[in-house]
Amino acid sequence: MNAARLIFDLAGAIAVVFAGVMVVHRNPIKSLLAIVVTFFALAVGFVLLSAPFLAAIQVIVYAGAILVLFLFVTMLLNLQTEEETADRRPFQRFFALVGIVAFAGMLLAAVRRSGEAAGSSGLPPATGAIEPLAQALFSRAALPFEAVSVLLLASLTGAYILMRRERSGSAAP
Amino acid sequence: MTAADWAIVVLRPLVPVLGAAMAVPVLTWAERRGAGMIQDRPGPNRVGFFGWRAFGLGQPLADALKFFFKEDITPDNADAFLYTLAPWIVMFSALVGFAVIPYGPSIPIAGRSVPLVGADVPIGALFIFAMAGLSVYGIVLAGWSSNNKYSLMGGFRSAAQVISYELAMTTAAAGVFLSSSSLRLTRVVEAQQGSLLRWNVVPQFFGFLVFTIAAFAETNRVPFDLAEADAELVGGYHTEYSAFKFGAFFMAEYIAMTVGSAFIVTMYFGGWSLPFFHPRGLVGGLVSVAVFAAKTAFFLGVFIWVRWTLPRFRYDQLMRLGWKVLLPLAFANLLWAALLVRTGVL
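Residues numbered from 1 in each chain as written. Chains lettered and ligands numbered in written order. Predicted model: local features only at pLDDT ≥ 70, side-chain atom pairs only at ≥ 80, totals over all residues.

Engineer: I'd love a proper account of the overall build of chain A, names of residues and values included.
Structural biologist: Along the backbone of chain A there are six helices and zero strands. Along chain A, from the amino end to the carboxyl end, the secondary structure elements read α-α-α-α-α-α. When each of the 173 residues of chain A is scored for burial, the buried share is 17%. Of all intrachain contacts in chain A linking residues separated by at least 6 positions in sequence, the fraction that spans at least 24 positions is 60%. (Helix = DSSP H or I, 4+ residues; strand = E, 2+ residues; numbered from the N terminus. Buried ≥ 20, exposed ≤ 12 C-beta atoms within 10 Å, placed from the backbone. Contact = placed C-beta atoms within 7 Å.)

Engineer: Any details on the overall build of chain B? Residues and values, ideally.
Structural biologist: Along its length, chain B carries eleven helices and two strands. Order of helices (α) and strands (β) in chain B, N terminus to C terminus: α-α-α-β-β-α-α-α-α-α-α-α-α. In terms of overall dimensions, chain B is globule-like: its C-alpha atoms have a radius of gyration of 21 Å, near the 20 Å expected for 346 residues. Projecting the C-alpha coordinates of chain B onto the three principal axes gives extents of approximately 60 × 50 × 45 Å. (Rg over C-alpha atoms; globule rule 2.2 N^0.38 Å.)

Engineer: Account for the environment of B:Tyr137, with residues named and values stated.
Structural biologist: Residue and element names in this part refer to chain B. Relative to the elements of secondary structure, Tyr 137 occurs in helix H4 (residues 124-145). A tally of 25 C-beta atoms within 10 Å means that Tyr 137 is categorised as buried. Considering only alpha carbons, one finds Tyr 137 and Val 90, 47 residues apart in sequence, at a separation of 7.7 Å.

Engineer: Tell me about the interface of chain B and chain A, residues and numbers included.
Structural biologist: Listed per partner, the contact involves 17 residues of chain B and 14 residues of chain A. Counting only elements with at least two residues in the side of chain B that touches chain A, the list comes to H4 and helix H5 (149-180) of chain B. Class assignment of the residues belonging to the side of chain B that touches chain A gives a composition of 16 nonpolar, one polar and no charged. (Nonpolar A, V, L, I, M, F, W, Y, C, P; charged D, E, K, R; others polar.)

Engineer: A description of helix H3 (residues 52-77) of chain A should follow, citing residues and the corresponding values.
Structural biologist: With 26 residues, H3(A) extends 36 Å between its outermost C-alpha atoms, agreeing within 8% with the 38 Å of an ideal straight helix rising 1.5 Å per residue. Along H3(A), the sharpest change in direction is near 30 degrees and occurs at A:Leu67. A:Pro52, A:Phe53, A:Ala55, A:Ala56, A:Gln58, A:Val59, A:Ile60, A:Ala63, A:Gly64, A:Val68, A:Leu71 and A:Met75 are the residues of H3(A) that are buried. Buried positions along H3(A) lie against helix H2 (28-48) and helix H5 (131-138) of chain A together with H4 and H5 of chain B. (Expected span 1.5 Å × (residues − 1). Bend = angle between axes of the 7 residues up to and from the residue.)

Engineer: Which residues make up helix H3 (residues 80-96) of chain B, and what values go with them?
Structural biologist: All names here are of chain B. Compared with an ideal rise of 1.5 Å per residue, which puts 17 residues at 24 Å, H3 spans 25 Å between its outermost C-alpha atoms and is within 8% of the ideal. Remark: the principal bend of H3, roughly 25 degrees, maps to Ala 86, with a proline, Pro 87, within the next four residues. Within H3 the residues assigned to the buried category are Leu 82, Tyr 83, Ala 86, Pro 87, Ile 89, Val 90, Met 91, Ser 93, Ala 94, Leu 95 and Val 96. The elements touched by buried residues of H3 are helix H1 (3-38), H4 and helix H9 (243-268).

Engineer: Tell me about the packing of H3(A) against H5(B), and name the residues and values.
Structural biologist: Look at H3(A) against H5(B): their axes get within 11 Å of each other, and the N-to-C directions meet at 155 degrees. Comparing their axes, H5(B) and H3(A) come out roughly antiparallel. Between H3(A) and H5(B) lies a crossing of left-handed hand. Residue-level inspection shows A:Ala65, A:Val68, A:Phe72 and A:Met75 of H3(A) in contact with H5(B), the latter providing B:Leu152, B:Phe156, B:Ala159 and B:Ile163. Among the residues forming the contact of H3(A) with H5(B), the class breakdown is eight nonpolar, no polar and no charged. (Axes fitted to C-alpha atoms, helices over the stretch in contact; angles between N-to-C directions. Parallel < 35°, antiparallel > 145°, perpendicular 65-115°, else oblique. Left-handed = near helix turned anticlockwise from the far one by under 90°.)

Engineer: Describe the packing of H1(B) against H9(B), and please don't skip the residues or the numbers.
Structural biologist: Residue and element names in this part refer to chain B. Between H1 and H9, the least distance of the axes is 9 Å, while the angle of their chain directions is 110 degrees. Regarding the angle of H1 to H9, the classification is roughly perpendicular. Here Ala 20, Ala 21, Ala 23, Val 24, Leu 27 and Thr 28 of H1 lie close against H9, whose contacting residues are Met 251, Tyr 254, Ile 255, Thr 258 and Val 259. Looking at the contact of H1 with H9 residue by residue, the class counts come to nine nonpolar, two polar and no charged.

Engineer: Outline the environment of B:Leu57, listing residues and values.
Structural biologist: All names here are of chain B. Tracing the backbone shows Leu 57 in the loop between H1 and helix H2 (59-69). Its 19 C-beta neighbours within 10 Å are what place Leu 57 among the partly exposed residues. Residue contacts for Leu 57: discarding those within four places in its chain leaves Trp 29 and Gly 48.

Engineer: Tell me about the confidence of the model for chain B, and please be specific about residues and values.
Structural biologist: Residue and element names in this part refer to chain B. Chain-level pLDDT for chain B is 83 on average; 99% of the residues reach the 70-or-more range. For chain B, helix H8 (residues 230-233) is the element with the lowest average pLDDT, namely 74, and helix H7 (residues 205-218) is the one with the highest, namely 89. Across the assembled chains, the prediction reports ipTM 0.77 with pTM 0.82. (pLDDT = per-residue confidence, 0-100.)

Engineer: Give a detailed account of the nonpolar core, specifying residues and quantitative values.
Structural biologist: With 128 residues, the main nonpolar core has B:Phe211 and B:Ala214 as its most contacted residues. In terms of residue count, H4(B) provides more of this core than any other element does, 16 residues in total. (Core = buried A, V, L, I, M, F, W, Y, C linked by C-beta atoms within 7 Å.)

Engineer: Help me get a handle on the environment of B:Leu334, residues and values and all.
Structural biologist: In this fold, B:Leu334 is placed in helix H11 (residues 315-342). Residue contacts for B:Leu334: discarding those within four places in its chain leaves B:Thr171, B:Ala174 and B:Gly175.

Engineer: Can you tell me about unusual backbone geometry, naming the residues and giving the values?
Structural biologist: Residues and elements named next belong to chain B. The residue Asp 40 is not glycine, and still its phi comes out positive at about 60 degrees. Positionally, Asp 40 belongs in the loop between H1 and H2. When the 6 C-beta atoms within 10 Å are taken as the criterion, Asp 40 is described as exposed. The residue Asn 147 is not glycine, and still its phi comes out positive at about 60 degrees. Taking the number of C-beta atoms within 10 Å as the measure of exposure, Asn 147 has 15 and is therefore partly exposed.

Take a look at the structure:
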């Protein structure tokens, strides 16, 4: 077991632990910060899996932008502790359990299969690949990439229209 | 790895980070002397060493002592953990950016060729953007955990501002990445060598303009210091902070300024290189480091000059400038850079 593998395992453990903290912590702000730590640990994992670009994007987009906005909203709402935790429907717990078991099964299958593909250290060799990603993004995957942009633009416009309609009730002539 | 290898691995990132940290006292002195010059007064000129006034250079030492010995206050209803953590997040995010900026060419040490850069990572510039984005957490958490409405307002303003200007900054930087066809900062410096016309500031002047203005906004400096606007928010996000926790915020601002200046120099002014200077060996390498330091010092001077010259923006003006002026300008610059690369000019 080399140093990189050790750090990878450590980052993985941190990611899992803080994901747990996110779920159980009573203070919403602390929950959010726990998920920030998880995202950072994931970024470390991406670096060690020779995907530094993905790591940077993970930190810039998720930790640096999306979660800051979440934090923003949570602070504005001033939620000090969680509101109501009692489940109103008794079958919720049953379905949650089914979901957890199904997801764990999928995860286990994925981990087992990837273990066969990877090299002796369990980690792929270093390539530092940004260029192949860019090549694929702008040639082979150009159409899906543009389709996603259009989808994002559509949802952005939709959100804007919905917000405007609510307001125009009083202001419209 | 031998002991020498380990020493080199540790020292490569440590030298620029310590250099930036040690520039802080000189910068605080330069800031106040510069303010004095601009406002037609002497500035701090008394505190010296052993009876010698030394142009007031002892002032930063006195300030540091003051930070150490003032009472360290944590407000009663503050979230003590986050309140203590916040200044160090800001400090960390400021310091760590220096780990990827190249500060010199490769120099021969003990039979090895040692590149003068902390870590020459393929995502170079993105690393700095990612880490600079982190400082928002420190500022927002400082504002929230203080349990003070002025602090909270300052934190909110800072978050909105940094996210808005980050967009313009990265879009402007994309033009540089196009012309050097890499995100690797050593490669960005390499692509600018040979001629003054190859410095990115010449073909991409508007990119440079947007990038520099956004860098001011990212460091929360005047005219973008709405996060700590003292006329409206007392002290903004650090209203409740005292003693060394406040000192940490204070130092982080100057370190972020240094990183910002070094980043501007690397992206648009050829980094450590000079057009007609080809560094050879150890001496050439050290001269290159001095060139890099001098260029960075120039932009630090610009930071100080701007602070004591321009008034603060209003919040709506700040947002309008970011979204309606800088972002379109950055996109135009990106198209222009693409055109230059396509036609083979760059």
